[in-house]
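For reference, the chains in residue letters:
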Amino acid sequence: MPAAMLAAWGLMSPLAVQRPATAKAAYRAPRAADGHADIGGIWEALGTANWDLEDHPSMGGPYFQMGSIGAVPSGRGVVEGGTIPYKPEALAKKQENFANRWKLDPEVKCYMPGIPRATYMPYPFQIVQSAKVILMAYEYASTNRVINMEKPVEASVDTWMGTQNGHWEGDTLVVDNTGFNNLSWFDRAGDFHSDALHVVERFTPMDASHLNYEATIEDPKVFTGLWKISMPLYRRVEKEAQLAEFKCVEYAEELLYGDLRKKTTK
Amino acid sequence: MRLKEGHAATAAFSGILVAASLLFAQSWTPPKTSWGDPDLQGTWTSDDQRDVPFERPAQFGNRRYLTDEEFADRARQVDKAQTEIVGQGIRPNSGYWARQQGVNAAAAPPYFQEFSRHAARQTSLVVDPPNGRVPPLTKEAQELRAAVNKVRNRRPESWLDRSMYDRCITRGVAGSAFPVIYGNGTQIVQAPGVVAIRYEMIHETRIIPLDRPGNARPHAPATLRTNMGDARGHWEGNTLVVETTNFIGGRNGVGVNGNGAAPYSDDLKLVERFTRVDAKNIQYEMTVNDPKTYTAPWTVAFPITHEDGYQIFEYACHEGNYAMHNLLSAARAEDAAEEK
């Protein structure tokens, strides 16, 4: 696509205007069979974004039995500018979510994580890169999504993981996500969205073992404007690296259905 | 073939298509990926096998395929079923048809079911032993089956009384592969050194590393077991061969939706073969080895089909598992009523 057309497309798309300064331009990733940058492999975010996208101090967890294992580590936020731009009534809801997070967080119930949260859950995910589709399979809850790399499709139904259209801008995989339901959260701190969520992700190779991940988030029902998160993703370089299986449903059943056990059994 | 093109003609054409595909299978050259592997990629469905019995009805004996007459009869039945559902404003894979064709399809049984589009030739999905029947269970497996059935058939005391499928956890590899009432989509994505197989129902993804034939990297240690097993793949000519071990025994069985004759053991080994036989069909084969459960190995085989417009939708089973809540609360209400 000629540069002029790209620029025109950029002007039309509010998310694309905020073209971020990404990884070092000098690095050229190895090529996939179709000539695009090869970002296949097993990746994982480090850090504490899944605990809270914003800056957060360490704090105790809700279950004393778990001692320090159940505590929340502190961490720097990953939101550009530091704060998520909530509308006032949405901020109140976020605070209510936070107060009830150990009960309400969809992760507690082993529900699908949505986007962008799937990327920075504390579990690895694998990219299987083909020309027409790119599969992202997540260890957490056997979640997966398939990014359509052909003619963009419109979301036909709202889902947890959304509908994804991707394209390449140089070595950067750009994924446009729409068609979400309003049920997933962004983190364990109660950050949330509505069914108007629109996420544009950018995966940019930084070197052989790192991707730069950015997600620009738009949801006019919840936020006053666009906001952006970014973090590195680390390649799992162990020789025998393989996605493990974490089917967490069975670890949430007592929580979800425990009150419906037959009274005499345990 | 599209239904809207006239389902009256379906029966006749189906026969021709099957015969034609058998002929072309000899001379057809399968496509390769740009890095030289056989190309199995795309979205496939086992919907057309929905009307084939899992085990062979006794009347067919050792015969694997229907006669022309029997096939014409089955094709008429498939056509009749299609005519009926189309008459109700429903199209097979109704979500797709509703969106693409403006058909006002309701989302309720039988409407949310998927249906065969083309009649299938096989007399059973089990093809070996030659009688198309699952070999007898071992004594241990029979005892396990009796224990499982007792729990399944009682008023549920907890979610643990229900199958892994009811609990939206997994149907296992075999349960994911066999045709059922809906969600029969399988999507295959390939990259150098890896084949990923994604099943619609329960949203499973298997990521299969590829090795040279006879040079497979070792399986995970026996202490590391999973519901979907540890898969290793290689190419034999144009056939993808996948050997999967390290299953968790005592849970799912080798059968529809993971409900087999009895739960399989830790020793289960599945060998699957995927062979693209023409533009629209992959011949799928699964051999079951589990001497603790079955007195002999056995094999299931059937084609999975590419159908234009067929697509996989998100299957958020656990997230919407009202059935589990409802059946447990109903059970407790029955308990309470009996106490009165």
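Novice: How do you make sense of the overall build of chain A when you look at a structure like this?
Specialist: Summing up its helical and strand segments, chain A has five helices and nine strands in all. Each helix and strand of chain A, ordered N terminal to C terminal, gives the series α-α-β-α-α-β-β-β-β-β-β-β-β-α. Taking all 266 residues of chain A together, 37% fall into the buried category. Long-range pairs, those at least 24 residues apart, make up 60% of the contacts in chain A between residues at least 6 apart in sequence.

Novice: Just checking my understanding: could you explain the overall build of chain B for this structure?
Specialist: Counting its secondary structure elements, chain B contains six helices and ten strands. Within the span of chain B, comprising 340 residues, buried residues form 40% of the whole. For chain B, the proportion of contacts with a sequence separation of at least 24, taken over those separated by at least 6, is 64%.

Novice: Help me out: how do you make sense of the interface of chain B and chain A in this one?
Specialist: Buried accessible area, meaning the area lost when the parts come together, often serves as the stated size of an interface. Taken together, the 38 residues of chain B in the interface contact 33 residues of chain A. By residue class, the composition of the side of chain B that touches chain A is 15 nonpolar, 14 polar and nine charged.

Novice: I tried to follow the pairing of strand 1 (residues 41-45) of chain A on my own but got confused; where do I start?
Specialist: The side chains of a regular strand alternate, first on one face of the sheet and then on the other. Residue and element names in this part refer to chain A. Going residue by residue along strand 1, you find Gly 41, Trp 43 and Ala 45 tucked away on one face and Ile 42 and Glu 44 left uncovered on the opposite face. Here strand 1 pairs with strand 2 (residues 125-129) via three bridges, running antiparallel. Bridge pairing in strand 2 links Gly 41 to Ile 127.

Novice: When you look at the environment of B:Phe178 in this model, what are you seeing that I'm missing?
Specialist: Residue and element names in this part refer to chain B. Tracing the chain through its elements places Phe 178 in the loop between helix 5 (172-177) and strand 3 (185-191). Remark: the alpha-carbon pair of Phe 178 and His 203, spanning 25 residues in sequence, is separated by 15 Å. Excluding residues that lie within four positions of it along the chain, Phe 178 makes contacts with Leu 125 and Val 256.

Novice: When you look at the environment of B:Pro192 in this model, what are you seeing that I'm missing?
Specialist: As for its placement among the helices and strands, B:Pro192 is situated in the loop between strand 3 and strand 4 (194-199). The spacing of B:Pro192 and B:Glu339 is 147 residues in sequence and 63 Å in space, taken between C-alpha atoms. Beyond its immediate stretch of four places on either side in the chain, B:Pro192 contacts A:Ala33 and B:Trp35.

Novice: Honestly, unusual backbone geometry in this entry has me stumped. Any pointers?
Specialist: A:Pro116 follows A:Ile115 through a cis peptide bond whose omega is 15°. Within the element layout of this structure, A:Pro116 appears in the loop between helix 4 (101-104) and strand 2. The omega angle of the peptide bond from B:Asp128 to B:Pro129 is 10°, so this bond is cis rather than trans. Turning to its location among the elements, B:Pro129 is positioned in the loop between strand 2 (126-128) and helix 4 (139-153). Positive phi is not limited to glycine here, since A:Ala141 has a value of about 60°. For A:Ala141, the position within the fold is in the loop between strand 3 (133-138) and strand 4 (144-148). Given 25 C-beta atoms within 10 Å, A:Ala141 falls into the buried group.

Novice: Can you walk me through the nonpolar core in this structure?
Specialist: In summary, soluble globular proteins display a tendency toward joint burial of nonpolar side chains. Ranked by size, the top nonpolar core spans 103 residues in total, and within it A:Leu135 and B:Ala196 carry the most contacts. With six residues, the single largest contributor to this core is strand 3 of chain A. Counting the residues that make up this core, at least three belong to each of domain 1 (3-30 + 66-121) and domain 2 (136-320) of chain B. Dropping the residues within four chain positions of it, B:Ala196 is found in contact with A:Val128, A:Leu135, A:Ala137, B:Val189, B:Thr205, B:Arg206 and B:Ile207.

Novice: What is the right way to look at the pairing of strand 3 of chain B in this model?
Specialist: All names here are of chain B. Within strand 3, seven of the seven residues are buried, leaving the element largely enclosed by the surrounding structure. Residues of strand 3 alternate between two faces, with Gly 185, Gln 187, Val 189 and Ala 191 on one and Thr 186, Ile 188 and Gln 190 on the opposite face, all of them buried. By the bridge criterion, four bridges tie strand 1 (residues 42-45) to strand 3 in an arrangement that is antiparallel. Pairing of Thr 45 across the sheet is with Gly 185, part of strand 3.

Novice: Any chance you could explain helix 5 (residues 249-257) of chain A here in plain terms?
Specialist: Since the α-helix advances by 3.6 residues per turn, residues separated by three or four positions end up pointing in the same direction. Residues A:Val249, A:Glu253 and A:Tyr257 constitute the buried set of helix 5 of chain A. One side of helix 5 of chain A carries all its buried residues, which in axial view fall inside an arc of 60°. Structural note: helix 5 of chain A exposes A:Tyr251 and A:Leu255 on the side pointing more than 90 degrees away from its buried face. Turning to helix 5 of chain A, the residues buried within the fold contact helix 6 (322-339) of chain B.

Novice: What should I look at first to understand the confidence of the model for chain B in this one?
Specialist: Close inspection of predicted coordinates is inappropriate in any region flagged by low pLDDT. Residues and elements named next belong to chain B. When pLDDT is averaged along chain B, the result is 86, and 85% of the positions lie at 70 or above. Every residue in residues 1-21 is under pLDDT 50, and counting partners more than four places away or in other chains gives 29 contacts. Below pLDDT 50 for its whole length, residues 94-108 participates in 25 contacts with residues either more than four positions away or in separate chains. In the model output, the complex is listed with pTM 0.88 alongside ipTM 0.89.

Novice: Can you help me understand the confidence of the model for chain A in this one?
Specialist: Summing up the model confidence of chain A, the mean pLDDT is 91 and the portion of residues at 70 or higher is 90%. Taken together, the stretch residues 1-20 of chain A has pLDDT below 50 and engages in 17 contacts with residues farther than four places along the chain or on a different chain.

Novice: For this particular structure, what's the right way to read the environment of B:Asp37?
Specialist: Residue and element names in this part refer to chain B. Mapping Asp 37 onto the fold places it in the loop between helix 1 (10-27) and strand 1. Classification of Asp 37 as buried rests on a count of 20 C-beta atoms within 10 Å. Here the alpha-carbon distance between Asp 37 and Pro 192, two residues 155 residues apart in the chain, equals 8.1 Å. With sequence-adjacent residues up to four places away left out, Asp 37 is seen in contact with Lys 32, Gln 190 and Trp 235.

About the criteria used
- Residues numbered from 1 in each chain as written.
- Chains lettered and ligands numbered in written order.
- Predicted model: local features only at pLDDT ≥ 70, side-chain atom pairs only at ≥ 80, totals over all residues.
- Helix = DSSP H or I, 4+ residues; strand = E, 2+ residues; numbered from the N terminus.
- Buried ≥ 20, exposed ≤ 12 C-beta atoms within 10 Å, placed from the backbone.
- Contact = placed C-beta atoms within 7 Å.
- Nonpolar A, V, L, I, M, F, W, Y, C, P; charged D, E, K, R; others polar.
- Pairing = 2+ DSSP bridges.
- Core = buried A, V, L, I, M, F, W, Y, C linked by C-beta atoms within 7 Å.
- Domains from an automatic or database assignment.
- Arc of directions from axis to C-beta.
- pLDDT = per-residue confidence, 0-100.

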